[in-house]
Amino acid sequence: MKAVASVTTLMTFMFICATSSAAASVAVASSRRGGAAFVAGAGSAITRPFLKQRLLQQHQASTNFARRMTTCMAAVRVRFAPSPTGTLHVGGARTALYNYLVARQSKDGAFVLRIEDTDTARSTRESEESMLADLRFLGLDWDEGPDKPGAVGPYRQSERIDIYKKIAQQLLDSGDAYPCFCSEEELEEKRKAAEAAGKPPQYDRTWRDADPVEVKKRMDAGEPYTVRFKVAPGRRVEIDDAVRGTVGWDADATVGDFILLRSSGMPVYNFCVAVDDALMGITTVIRAEEHLTNTLRQCLILEALKYPPPKYAHCSLILGEDRSKLSKRHGATSVDQFKAEGFLPDAMLNYLALLGWNDGTEQEVFDRSELIKKFSLNRVVKSPSVFDMAKLRWINGQHLRALSDEELVPLVEAQLISAGVAKEGAGEDGKTFVVHATQVAKGSMELVNDATTIVGDVLTYPLASTLEAGEAETLVAEGLWDMAREVVRAYEANEMPTGGEEDFQVLWKAWIKAVGKKMGKKGKQLFHPIRLALTGRMSGPDVGEQVKLLHLADKAAVNMVGLPARIGELKEVLSKHPAEKEPVAG
């Protein structure tokens, strides 16, 4: 009870200060970053007697409000509120991430998942399930949501319609809203008339001060009507946005008397959001800047309901490399696409966090715990961020190489099996092949999917196409054929290690050294010809590791071009380039 009383006292003090400031026509800035201030217009005159009367009238509402404030002050509550009309876009994933990080920074913080599905024509349960699956893939676990009921549910707006209708009636009863019986045809005529007069197409408040008798008569007759919010003349709203600073609107000129409930009884988006944020005790709203204009309506509704506005943080848009809004034409934009391409969840989170935020250092690679520790809305920038696929791939590569073998091998195995390179249930030989394949690919991978390409290249032998493309002309000029003959000779004489030896690496290095000494070659003139002769390629993973992988692939019955077939093809090529005969001594 002491906590409630202390909060009530604080609220009363804040209300007096705000009211006094309004009378002086001075904008009131929130005492906490991200809060909102409601400012009366220059024509208003709020007196002390009015204040006293107002406080008495609102005593009960203030007490209830204080109880809610006590709860809110005890814990951070944030929400991610997607509309299930498609897949989870990277912009939505970033919004979810920022909310998640803020919640996890507080001991009792709550990350609420709310589904905004009142657009019944476009919303689907399949889309909802897809979005939830994407959030689970990213590891953005929520504390309350459709599948995790809490005290302020339900968490789908389509299941809260009765709540919105009751709140709308509350606003009608308090005089903050009114019924409007204008038909669509009448509204269209008004819009055209306003445009013809060069005025904004705003509702002209026909029913704002209508005769109560006439209103009752039409209601009793069952005429359809919308419920409109009553915006006071000269009304101004300001918020102190954590990202964008002070933002203000002339409410009367900007939105006029806007609709809360359609004539069908369905609530409009901004009404639902304001009610839900209030009743769910949301303390901080973190979302994209495209929602900034919605804040005006939501703040007006919250004030009328006697709820405190949450802190706000409107994050900049994510752009494509051409600096237009990121869309499908820029390539992959949804989480499920990136998942299919082999991006790791923590790498995705790392990169998404950097799209608008940094910790003030040169650090670019963060694990999840570092992000939770270091993230701050105060370091989120106003300027839009450009989605750089190359940077995302690089960050993913850093996270891949940081994984332990125990973490990485199953990921690579799944990719190799999916691509038909490895076989499922291949026994110990199959597992040994996959483990070594992972080691061969690890140094070059940026995506898990890259393992399929890297390992697939090791298992093939494109010598003919490499020579035909002219890639080896320099090697030919430097004595490629002589080196190739030595490789063939050593293989047929069983001098070259073939990957099955217990101390293969030691033997391989010794053989390379011996070949170099015999042929008088070292460095690139030694390594590059041997690479081409045995792999058919000019570049790739370590040649010795490739030879060992070929041996393991043979044991695991993996489709590949083994050493015997390679030596055979190499001999056929050499037959077309006979060695020069040494001059006969006279």
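Before any of the text, the structure's been laid out above.
## Section: the overall build of the protein
Item 1. Regarding its fold elements, the protein presents 25 helices and 12 strands.
Item 2. Of all 586 residues assigned to the protein, the portion counted as buried reaches 46%.
Item 3. Relative to all contacts within the protein whose residues are 6 or more apart in sequence, the contacts with residues 24 or more apart total 76%.
Item 4. Accessible area of the protein: about 28700 Å², with a carbon and sulfur share of 53%.

## Thoughts on the packing of aromatic side chains
Item 1. For the structure shown, the criterion picks out 13 aromatic pairs.
Item 2. Between the aromatic rings of F504 and W508, the centroid separation amounts to 5.8 Å while the plane-to-plane angle is 35°, which identifies the pairing as tilted. Note that F504 and W508 are positioned in helix α22 (residues 504–519) at a spacing of 4 residues, about one turn of the helix.
Item 3. By relative accessible area, W508 is classed as buried at 6%.
Item 4. Ring-pair connections join several aromatic residues into one group, and the members of that group are Y98, W357, F366 and F375.
Item 5. Sitting over the ring of W142, K148 keeps its end group 5.6 Å from the ring centre.
Item 6. The ring of Y203 has R228 sitting right over it, with the charged end atom 3.7 Å from the ring centre.

## A closer look at the sheet that holds strand β8 (residues 259–261)
Item 1. Here we have 3 strands laid out as an open sheet, ordered β4-β5-β8, and antiparallel in their pairing. Only two strands of the sheet have a single partner each, and these edge strands are β4 (177–180) and β8. The sheet shows a mean angle of 40° between the axes of neighbouring strands, direction not considered.
Item 2. Inspection of the sheet shows β4 paired to strand β5 (residues 226–229) by 4 bridges, in the antiparallel sense.

## Describing the packing of helix α18 (residues 450–459) against helix α24 (residues 543–555)
Between two packed helices, the angle of one axis relative to the other and the distance separating the axes together describe the packing.
Item 1. Across the interface, α18 lies against α24 with an axial gap of 9 Å and an inter-helix angle of 85°. In terms of their interaxial angle, α18 and α24 are classed as roughly perpendicular. Facing α18, whose interface residues are V455, V458 and L459, α24 presents Q546, L549, L550 and A553.

## A short note on the side chain of S316
Item 1. Within the secondary structure, S316 is located in the loop between β10 (311–315) and β11 (318–319).
Item 2. On the basis of relative accessibility, which here comes to 1%, the residue S316 falls in the buried class.
Item 3. One polar contact links the side chain of S316 to the main-chain carbonyl oxygen of S383, over a distance of 2.9 Å.
Item 4. If we skip the residues at most four places from it in the chain, S316 touches R94, R244, E289, V381, K382, S383, P384 and S385.

## Here's the deal with the pattern of salt bridges
Item 1. This structure, assessed with the given rule, holds 37 salt bridges.
Item 2. The partner of D276 in a salt bridge is R114, and the shortest N-O contact between them spans 3.6 Å. Of the two residues, D276 is situated in helix α10 (residues 269–279) and R114 in the loop between β3 (110–113) and α5 (125–138); the sequence distance between them amounts to 162 residues. Here D276 and R114 have matching classes, each one buried.

## Thoughts on the nonpolar core
Item 1. Residues F433 and L534 are the most contacted members of the largest nonpolar core, which totals 106 residues.
Item 2. A total of 9 residues in this core trace back to one element, the largest contributor, which is helix α4 (residues 90–104).
Item 3. Apart from the residues within four sequence positions on either side, L534 is in contact with Y461, V487, M496, W508, V543, V547, L563, R566 and I567.
Item 4. Judged by nonpolar contacts, the second largest core, of 41 residues, contains L171, L279, C299 and Y312.

## Looking at unusual backbone geometry
Item 1. The amide bond that connects G153 to the next residue, P154, takes the cis arrangement and shows omega of 0°.
Item 2. Relative to the helices and strands, P154 resides in the loop between α5 and α6 (161–174).
Item 3. Positive phi values are uncommon outside glycine, yet N494 reaches one of about 60°.
Item 4. With respect to the helices, strands and loops of the structure, N494 is situated in the loop between α21 (480–492) and α22.
Item 5. For N494, a relative accessible area of 70% gives the class exposed.
Item 6. In this model, A557 sits at a positive phi of 60°, which is unusual for a non-glycine residue.

## Considering a negative patch on the surface
Item 1. On the surface, E184, E185, E186 and E189 cluster together to form a negatively charged patch.
Item 2. Assignment of secondary structure puts E189 in helix α7 (residues 184–196).
Item 3. Given the relative accessible area of 57%, E189 is considered exposed.

## What about the packing of α22 against helix α23 (residues 524–535)?
Item 1. Across the interface, α22 lies against α23 with an axial gap of 10 Å and an inter-helix angle of 115°. Along this stretch, α22 crosses α23, giving a crossing that reads as right-handed. Along its contact with α22, which presents W508, I512, V515 and G516, the element α23 presents L526, F527, I530 and L534.
Item 2. Each residue belonging to the contact of α22 with α23 can be placed in one class, and the counts come to 7 nonpolar, 1 polar and no charged.

## Topic: the environment of G568
Item 1. Here G568 shows up in helix α25 (residues 563–575).
Item 2. For the pair formed by G568 and V488, sequence separation is 80 residues and the distance between their alpha carbons is 8.8 Å.

## Brief notes about the pairing of strand β9 (residues 284–288)
Item 1. Most of β9 is tucked away: 5 of the 5 residues are buried.
Item 2. For β9 and β10, the ladder comprises 5 bridges, and the chain directions are parallel. From the neighbouring strand, T284 faces β10, where its bridge partner is K311.

## Details of α5
Item 1. Under the 1.5 Å per step criterion, the end-to-end length of α5 is 20 Å for 14 residues, consistent within 8% with the ideal 20 Å.
Item 2. Residues of α5 that are buried include every one of S127, E128, M131, L132, D134, L135, F137 and L138, and no others.
Item 3. Among the structural elements, β2 (77–80), α4, β3, α12 (335–340), α13 (345–354) and α14 (368–374) are those in contact with the buried residues of α5.
Item 4. Trailing α5 by a residue or two, G139 shows a phi angle of about 80°, which is positive.

## Some points on α25
Item 1. Between its first and last C-alpha atoms α25 spans 18 Å; for 13 residues at 1.5 Å apiece the expected length is 18 Å, and the two agree.
Item 2. By the burial criterion, the buried members of α25 are L563, R566, I567, L570, V573 and L574. Angular distribution of buried residues about the axis of α25 spans 120°; they occupy a single face of the element. For α25, exposure combined with an orientation more than 90 degrees from the buried face picks out P564 and S575.
Item 3. Looking at the buried positions of α25, the neighbouring elements they touch are α18, α19 (463–468), α21, α23 and α24.

Definitions and limits used
Residues numbered from 1 in each chain as written. Predicted model: local features only at pLDDT ≥ 70, side-chain atom pairs only at ≥ 80, totals over all residues. Heavy atoms only, no water. Helix = DSSP H or I, 4+ residues; strand = E, 2+ residues; numbered from the N terminus. Buried < 20%, exposed > 50% of the residue type's maximum accessible area, 1.4 Å probe, protein only. Contact = heavy atoms within 4.5 Å. Areas by Shrake-Rupley, 256 points an atom, 1.4 Å probe, with all protein chains shown as cover. Phe/Tyr/Trp six-rings, centres within 6.5 Å; stacked < 30°, edge-to-face > 60°. Lys NZ or Arg CZ within 6 Å of the ring centre and 35° of its normal. Pairing = 2+ DSSP bridges. Axes fitted to C-alpha atoms, helices over the stretch in contact; angles between N-to-C directions. Parallel < 35°, antiparallel > 145°, perpendicular 65-115°, else oblique. Polar contact = N/O pair within 3.5 Å; in protein donor to acceptor, adjacent residues only side chain to side chain. Salt bridge = Lys/Arg side-chain N within 4 Å of Asp/Glu carboxyl O. Core = buried A, V, L, I, M, F, W, Y, C linked by side-chain atoms within 4.5 Å. Patch = residues over 30% accessible without salt bridge, like charges linked within 9 Å, V, L, I, M, F, W, Y side chains within 5 Å. Lys, Arg positive; Asp, Glu negative; His and termini not counted. Charge placed at Lys NZ, Arg CZ, Asp CG, Glu CD. Left-handed = near helix turned anticlockwise from the far one by under 90°. Nonpolar A, V, L, I, M, F, W, Y, C, P; charged D, E, K, R; others polar. Expected span 1.5 Å × (residues − 1). Arc of directions from axis to C-beta.

These results come straight from atomic positions and should not be treated as a statement about function.
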